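Chain residues, written in single-letter form:
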Amino acid sequence: MSHPVSAFFGVQHGVANSILLPVIVEYNALADHGRYEKIYNYIREKKEPVQDFKPQMLVDEIKKLNADLGIPKTLSEVGVTEDKIPQMAADAMKSGNIAANPRQSTQKDIEMLYHKAM
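Fair warning: this is a prediction, and the values are worked out from it, not measured in the lab.

Asks: Which parts of the structure should I look at to understand the overall build of the protein?
Replies: Counting its secondary structure elements, the protein contains seven helices and zero strands. Secondary structure of the protein in N-to-C order comes out as α-α-α-α-α-α-α. Relative to the globule expectation of 13 Å for 118 residues, the C-alpha radius of gyration of the protein, 15 Å, shows essentially globular dimensions. The principal-axis extents of the C-alpha atoms in the protein amount to approximately 45 × 30 × 20 Å. Counting the 118 residues in the protein, one finds 38% classified as buried. For the protein, long-range pairs separated by at least 24 residues make up 61% of all intrachain contacts whose partners lie at least 6 apart in sequence. Separation of charge centres in the protein, based on 14 positive and 15 negative side chains, amounts to 3 Å.

Now the structure itself:
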């Protein structure tokens with residue numbers, strides 16, 4: 001999903017990835033199967049054992065990391081406009097990355113994720 005953001009709006013690829021990451025992690029939580037807790041334990045500052053891990057904890061930690069790094073919170077902050085979302089979603093659907101996503105995604109799903117990241 002970040003490639004169309006970069007192509008349409010000139011947003012650096014890593015910045016686009018960082019903005020989209022919390023939204024995508026939240027969306028894919030249904031397909032977590034225990035990996036989210038491992039990632040959470042790698043990136044969080046505190047190292048004591050986690051009780052009752054929830055996928056939202058990883059989403060929140062990614063948002064905190066992004067803020068600490070000065071990454072904008074939303075796509076609109078980097079100049080993305082909603083009128084291009086259908087075109088960006090169509091382009092994203094052509095990517096092999098969509099097929100590799102843990103959850104099957106339709107173009108409407110991708111559009112919803114872009115809107116959520118706005």
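Having put the structure on the table, let's press on.
Asks: Would you explain the nonpolar core in this entry?
Replies: Among soluble globular proteins, nonpolar side chains are generally buried collectively. Ranked by size, the top nonpolar core spans 23 residues in total, and within it Met1, Val5, Leu20, Leu75, Ile110 and Tyr114 carry the most contacts. Counting residues per element, the ones that place at least two in this core are helix 2 (13-27), helix 5 (85-93) and helix 7 (107-117). In terms of residues, this core owes the most to one element, helix 2, which gives seven residues. Once residues lying within four places of it in the same chain are set aside, the contact partners of Leu75 are Val5, Ile19, Leu20, Val80, Tyr114, Ala117 and Met118. Of all hydrophobic cores here, the second largest spans eight residues; its members include Val25, Tyr40, Val50 and Val59.

Reading the values: the criteria
- Residues numbered from 1 in each chain as written.
- Predicted model: local features only at pLDDT ≥ 70, side-chain atom pairs only at ≥ 80, totals over all residues.
- Heavy atoms only, no water.
- Helix = DSSP H or I, 4+ residues; strand = E, 2+ residues; numbered from the N terminus.
- Rg over C-alpha atoms; globule rule 2.2 N^0.38 Å.
- Buried < 20%, exposed > 50% of the residue type's maximum accessible area, 1.4 Å probe, protein only.
- Contact = heavy atoms within 4.5 Å.
- Lys, Arg positive; Asp, Glu negative; His and termini not counted.
- Charge placed at Lys NZ, Arg CZ, Asp CG, Glu CD.
- Core = buried A, V, L, I, M, F, W, Y, C linked by side-chain atoms within 4.5 Å.

In short, geometric facts, not functional conclusions.
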